[in-house]
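What the coordinates show
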Amino acid sequence: MLHYSIRDRLVGLQGTGFLLSAMLLALVPLAPAALAQDEPTAPEFLTSYGDMTFPEQFPDGTAISLTQWSHFVPRYDEWFREYAQQWGEAHNVEVTVNMINIADLTSTLSASIAAEEGATVFEMVAPPTAFIDGLQSLADVNQAAAAAFGERTGTCERSSYLPATDTWYGFCHGWVPDPGDYRRSLWADAGFPEGPETYQDLLEGGARIFEDTGLPVALGMSPEIDSEFYARALIWSHGGSIQDEDGNVTFDSPEVLEAVRFQKELFDSAMTPEVFSWNAASNNQTFIGGRASYIQNSISFYRSAQESAPEVAADTGFRPGLKGPGGEVKMPSHVWFIDVIPDYVTDPDELAAAKKFMLDLENNYASASYYSKFYNFPAFPSRSERLFAEDGWLSDDPWNAEPPDKLGLLRTAEEWTAWLGYPGYANPAISEVYESHLLSSMMADVTRGQKTPEQAIADTNAEIEEIFAKWRERGMIGSGSD
């Protein structure tokens, strides 16, 4: 019942946290330790979630197609292919899975909506709010999930619901923490045995390491995903933001100015110009190659390093982000798993099967977490309780982390994780600012000396205001309470 294809698989290796070695390792049989008693139980497929009910078997000829990105942890794609096949056979549904390069997701969804044909479900990695007019409402799925699974993680709610139009445009089934990652030995020698705790520590310790060893702080300032997320983490932790809770632009502020000035000082003291031309894999490759003291990234790079550079993996420490001047810590989710259904999908059986697939996947999210090697966190924490338990997977890693509790700090990740629209909801203007790489370009202009911090912020703020005005005219901005 499964058709499975992988397009642009090798191109996709340029995505965040992904290396060729990691893909090759996916072809190697799993070590016995990875198949120990900690492995999740067999999947369970239910016939009802909340007020939604489904048949055990769909009519002959029912088919769904899924377009999603080639995962940064290859073991997840292996599991997902097997899971989709099992699900299809259990429900008499033909399931087609098409894995594509993460960079092609937005253009593929856009082209399919324009042509009014394509996949049944697209799994996006950032809120696709700009396409809301071409998407099915998934209010029923979200309501059913809340009724069945309980509390939802805030970053997932704010990345799949648009208050201004009261629309659930997607179903966010999971998310990915984005910690700070450092070389333990380097920071211990610099006088920080637990790594940097604040941005001021990053500046002082990073400069000391750079002076002593020539190894830089590796934080990008180029038009790619990791650079954009770092700029946001820096700004949020300094108390700044792009918008407020109601969708008003708040970018031109003393807090943002302080963050930009900090980045200029950090670059002058502890960084190298290569960061201006990086792609989304560059910081990972630099860290795994032993050429960096600190990066900001999800744990996929660490899973690769465990196999390709075990000495670096052993020397890797994690921080829950860095504190700004006021003690605030805010890191972005690195990826969101947001399922959407284009409005050209109208067949009742196809729609019902797609929605059941979404809910069944969330119900079985312990397996998604486990086989992604704890890259995937559930939208509903109740669906992967062993991930968060005091003696659970993150505290005693079955995928051979040393020490076994190395990833234990991720148990509190929701407390220090934000989302693209923070402190409000994601909306089309926020998405366009993100897709346009305005923040990383602003940081680069300042650190290169092409603009003063004040001028760069003023120019960027003007661009942001223009984008917001365009979408506000279309009724897509606001809290929905006006």
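Calculation notes
Residues numbered from 1 in each chain as written. Predicted model: local features only at pLDDT ≥ 70, side-chain atom pairs only at ≥ 80, totals over all residues. Heavy atoms only, no water. Helix = DSSP H or I, 4+ residues; strand = E, 2+ residues; numbered from the N terminus. Rg over C-alpha atoms; globule rule 2.2 N^0.38 Å. Buried < 20%, exposed > 50% of the residue type's maximum accessible area, 1.4 Å probe, protein only. Contact = heavy atoms within 4.5 Å. Areas by Shrake-Rupley, 256 points an atom, 1.4 Å probe, with all protein chains shown as cover. Lys, Arg positive; Asp, Glu negative; His and termini not counted. Charge placed at Lys NZ, Arg CZ, Asp CG, Glu CD. Phe/Tyr/Trp six-rings, centres within 6.5 Å; stacked < 30°, edge-to-face > 60°. Lys NZ or Arg CZ within 6 Å of the ring centre and 35° of its normal. Pairing = 2+ DSSP bridges. Patch = residues over 30% accessible without salt bridge, like charges linked within 9 Å, V, L, I, M, F, W, Y side chains within 5 Å. Salt bridge = Lys/Arg side-chain N within 4 Å of Asp/Glu carboxyl O. Axes fitted to C-alpha atoms, helices over the stretch in contact; angles between N-to-C directions. Expected span 1.5 Å × (residues − 1). Arc of directions from axis to C-beta. pLDDT = per-residue confidence, 0-100.

A few points about the overall build of the protein
Within the protein, the regular secondary structure consists of 18 helices and 16 strands. Taken over the C-alpha trace, the protein has a radius of gyration of 22 Å; the compact-globule value for 482 residues is 23 Å, and the two agree within 12%. In terms of overall dimensions, the protein has C-alpha extents of about 70 × 60 × 40 Å along its principal axes. Counting over 482 residues, the protein shows a buried share of 60%. Across the protein, the fraction of contacts at a sequence separation of at least 24, relative to all contacts at a separation of at least 6, is 78%. With an accessible surface of roughly 17700 Å², the protein has 47% of that area assigned to carbon and sulfur atoms. The averaged location of the 72 negative side-chain charges in the protein is 4 Å from the averaged location of its 29 positive side-chain charges.

A short note on the packing of aromatic side chains
According to the stated counting rule, one finds 33 aromatic pairs in the structure shown. Where tryptophan 69 meets phenylalanine 337, the ring centres are 5.6 Å apart and the plane angle is 20 degrees; that geometry is what we call stacked. Linking tryptophan 69 in strand S4 (residues 63-69) with phenylalanine 337 in strand S14 (residues 335-340), this pair joins segments that are 268 residues apart in sequence. When sorted by exposure, tryptophan 69 lands in the same class as phenylalanine 337, which is buried. Stacked on the ring of tyrosine 425, the Lys or Arg arginine 158 has its end atom at 5.4 Å from the ring centre.

Re the environment of threonine 272
Structurally, threonine 272 can be placed in the loop between helix H9 (254-270) and helix H10 (282-288). Sequence separation between threonine 272 and threonine 447 is 175 residues; the distance between their C-alpha atoms is 11 Å.

As for the environment of proline 378
Looking at the element boundaries, proline 378 is found in strand S15 (residues 377-378). Separated by 206 residues in the primary sequence, proline 378 and cysteine 172 have C-alpha atoms spaced 9.0 Å apart.

Quick word on the pairing of strand S12 (residues 316-319)
Both faces of S12 are covered, namely the face carrying Thr316 and Phe318 and the face carrying Gly317 and Arg319. As defined by bridge partners, strand S10 (residues 180-183) adjoins S12 across 4 bridges and the pair is classed as antiparallel. Bridge pairing links aspartate 181 to phenylalanine 318 in S12.

As for a negative patch on the surface
Side chains of Glu390, Asp391, Asp396 and Asp405 sit close together on the surface and give a patch of like negative charge. Structurally, the position occupied by aspartate 391 is in the loop between helix H15 (385-388) and strand S16 (417-418). Accessibility expressed as a relative area gives 68% for aspartate 391, which makes it exposed.

Here's the deal with the sheet that holds strand S11 (residues 294-296)
With antiparallel pairing, 3 strands are arranged side by side in an open sheet as S11-S10-S12. Taken across any chain shown, the strands that pair with only one partner, and hence form the sheet edges, are S11 and S12. With direction set aside, neighbouring strand axes in the sheet form an average angle of 25 degrees. Together, S10, S11 and S12 form the strand contacts of helix H11 (residues 300-308), whose direction differs from that of S12 by roughly 165 degrees.

Structural notes on H9
Note on helix geometry: an α-helix contains 3.6 residues per turn, so any two residues three or four positions apart are oriented the same way. Under the 1.5 Å per step criterion, the end-to-end length of H9 is 24 Å for 17 residues, consistent within 8% with the ideal 24 Å. For H9, the secondary structure elements touched by its buried residues are helix H7 (199-213), helix H8 (225-237), helix H17 (438-447) and helix H18 (453-473).

Side note on helix H3 (residues 105-115)
What H3 keeps buried is the set Leu105, Thr108, Leu109, Ser112 and Ile113. On an axial view of H3, the arc spanned by its buried residues comes to 130 degrees, and they lie on one face. Elements that come into contact with the buried residues of H3 comprise S4, strand S5 (94-100), strand S6 (121-124) and S14. Following H3 by one or two positions, glutamate 116 has its phi on the positive side, about 60 degrees.

Observations concerning the environment of phenylalanine 58
Within the secondary structure layout, phenylalanine 58 lies in the loop between strand S3 (52-53) and S4. Residue phenylalanine 58 is classed as buried on the basis of its relative accessible area of 3%. Sequence separation of phenylalanine 58 and proline 216 is 158 residues, and the distance between their C-alpha atoms is 57 Å. The contacts of phenylalanine 58, once residues within four sequence positions are left out, are His91, Asn92, Val93, Asp349, Ala352, Ala353 and Lys356.

Observations regarding the confidence of the model for the protein
Per-chain confidence: the protein averages 92 in pLDDT, with 92% of residues scoring 70 or above. Ignoring residues within four places in sequence, the model shows residues 5-36, a span with pLDDT below 50, making 76 contacts including any to other chains.

Quick word on the pattern of salt bridges
Opposite charge on two side chains makes pairing possible when the charged atoms of those side chains draw close. Scanning the model with the defined rule gives 14 salt bridges in all. Linking arginine 158 and glutamate 157 is a salt bridge whose minimum nitrogen-to-oxygen distance equals 3.9 Å. Of the residues examined, arginine 158 reaches a relative accessible area of 22% and is grouped as partly exposed. Using a relative accessible area of 24% as the deciding quantity, one classes glutamate 157 as partly exposed. A salt bridge links glutamate 197 to lysine 323; the shortest N-O distance between them is 3.0 Å. Placement of glutamate 197 in the loop between helix H6 (184-189) and H7 and of lysine 323 in the loop between S12 and strand S13 (331-332) is noted, with a sequence separation of 126 residues between them. In this structure glutamate 197 comes out as partly exposed when scored by relative accessible area, which is 35%. By sharing partners, the salt bridges in this structure join Asp445, Lys451 and Asp459 into a single network.

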